[in-house]
Amino acid sequence: MKLKNAAYILLGFTLSWVLSSLLDINHLIYVTIIVPFLLIGILHELLHLMAINIFGIRYKFTIKGLYIGFIINVDKRGKYILTALFPQILTLLMILLYIFTLNKAVLTLSILHIAISVEDLGKCIKYIFLQPDYFLDKGP
């Protein structure tokens, strides 16, 4: 548990450094306003909820420290990966928007969304690379 907290703190410092290196002071004012961050977080969780409903997964919404999200029970193991990665649609859309506009604020918001997704991405990497039999539908 302490390692996870240390990772969050390190991620916070890294994110601050990235923000300050990407943006000048005029853009930093807009990005640091809490509203974009909250909207991304809400959209992220809504996309999880959409995936949960698509797959018919039982879930519980929880807020526990820095963790805000869904605890799910899957009947087929591959559903977890798809549900966890579903909000990355938002990241892809923001990166595409950045490619077309070259707006550094959009790039920063996409990095922020990746930071929000660290828990999901970490578990997916764990299940894909460390437990490849996870995709075999043998139950939980």
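Here, the structure is the one placed above.
Residues numbered from 1 in each chain as written. Predicted model: local features only at pLDDT ≥ 70, side-chain atom pairs only at ≥ 80, totals over all residues. Heavy atoms only, no water.

Visitor: Sorry, what's going on with the side chain of threonine 91 here?
Guide: Within the secondary structure, threonine 91 is located in helix α5 (residues 88–101). The contacts of threonine 91, once residues within four sequence positions are left out, are Ser110, His113 and Ile114. (Helix = DSSP H or I, 4+ residues; strand = E, 2+ residues; numbered from the N terminus. Contact = heavy atoms within 4.5 Å.)

Visitor: Teacher, can you tell me more about α5 here?
Guide: In an α-helix, one full turn covers 3.6 residues, which means residues spaced three or four apart are oriented alike. The end-to-end C-alpha distance of α5 is 20 Å, a good match for the 20 Å that 14 residues give at a rise of 1.5 Å each. Restricting attention to buried positions, one finds in α5 the residues Gln88, Leu90, Thr91 and Met94. One side of α5 holds all its buried residues, which, seen down the axis, span an arc of 145 degrees. In this structure, α5 carries Leu92, Leu93, Ile99 and Phe100 as exposed residues pointing more than 90 degrees from its buried face. (Expected span 1.5 Å × (residues − 1). Buried < 20%, exposed > 50% of the residue type's maximum accessible area, 1.4 Å probe, protein only. Arc of directions from axis to C-beta.)

Visitor: Even after reading the chapter, I still don't get the packing of helix α4 (residues 78–85) against helix α7 (residues 118–130), so can you show me in this structure?
Guide: A pair of packed helices is characterised by two quantities: the angle between their axes and the separation of those axes. In the contact formed by α4 and α7, the axes pass within 9 Å of each other and the chain directions differ by 150 degrees. When the axis of α4 is compared with that of α7, the two are roughly antiparallel. Considering only the axes of α4 and α7, their crossing is left-handed. Contact residues: α4 offers Tyr80, Ile81, Ala84 and Leu85, while α7 offers Asp120, Leu121, Lys123, Cys124, Tyr127 and Ile128. Residues of the contact of α4 with α7, tallied by class, amount to 8 nonpolar, no polar and 2 charged. (Axes fitted to C-alpha atoms, helices over the stretch in contact; angles between N-to-C directions. Parallel < 35°, antiparallel > 145°, perpendicular 65-115°, else oblique. Left-handed = near helix turned anticlockwise from the far one by under 90°. Nonpolar A, V, L, I, M, F, W, Y, C, P; charged D, E, K, R; others polar.)

Visitor: Explain a nonpolar patch on the surface to me, please; I cannot follow it from the model alone.
Guide: Together, Ile89, Leu93, Ile95, Leu96, Ile99 and Phe100 make up a nonpolar patch on the protein surface, roughly 600 Å² of accessible area in all. Among the residues examined, phenylalanine 100 registers a relative accessible area of 70% and is labelled exposed. (Patch = residues over 30% accessible without salt bridge, like charges linked within 9 Å, V, L, I, M, F, W, Y side chains within 5 Å. Areas by Shrake-Rupley, 256 points an atom, 1.4 Å probe, with all protein chains shown as cover. Salt bridge = Lys/Arg side-chain N within 4 Å of Asp/Glu carboxyl O.)

Visitor: Looking at this model, I keep getting lost on the nonpolar core. Mind explaining?
Guide: Across soluble globular proteins, you tend to see nonpolar side chains buried next to one another. Counting residues in hydrophobic clusters, the biggest one holds 10 residues: Ile52, Ile57, Phe70, Ile72, Val74, Tyr80, Ile81, Ala84, Cys124 and Tyr127. For this core, the leading source of residues is α4, giving 3 residues. Non-local contacts of isoleucine 57, meaning those with residues more than four positions away in its chain, are made with Ile52, Ile72, Asn73, Val74, Lys79 and Thr83. Grouped together as the second largest cluster of nonpolar side chains are 7 residues, Ile40, Met94, Leu109 and Leu112 included. (Core = buried A, V, L, I, M, F, W, Y, C linked by side-chain atoms within 4.5 Å.)

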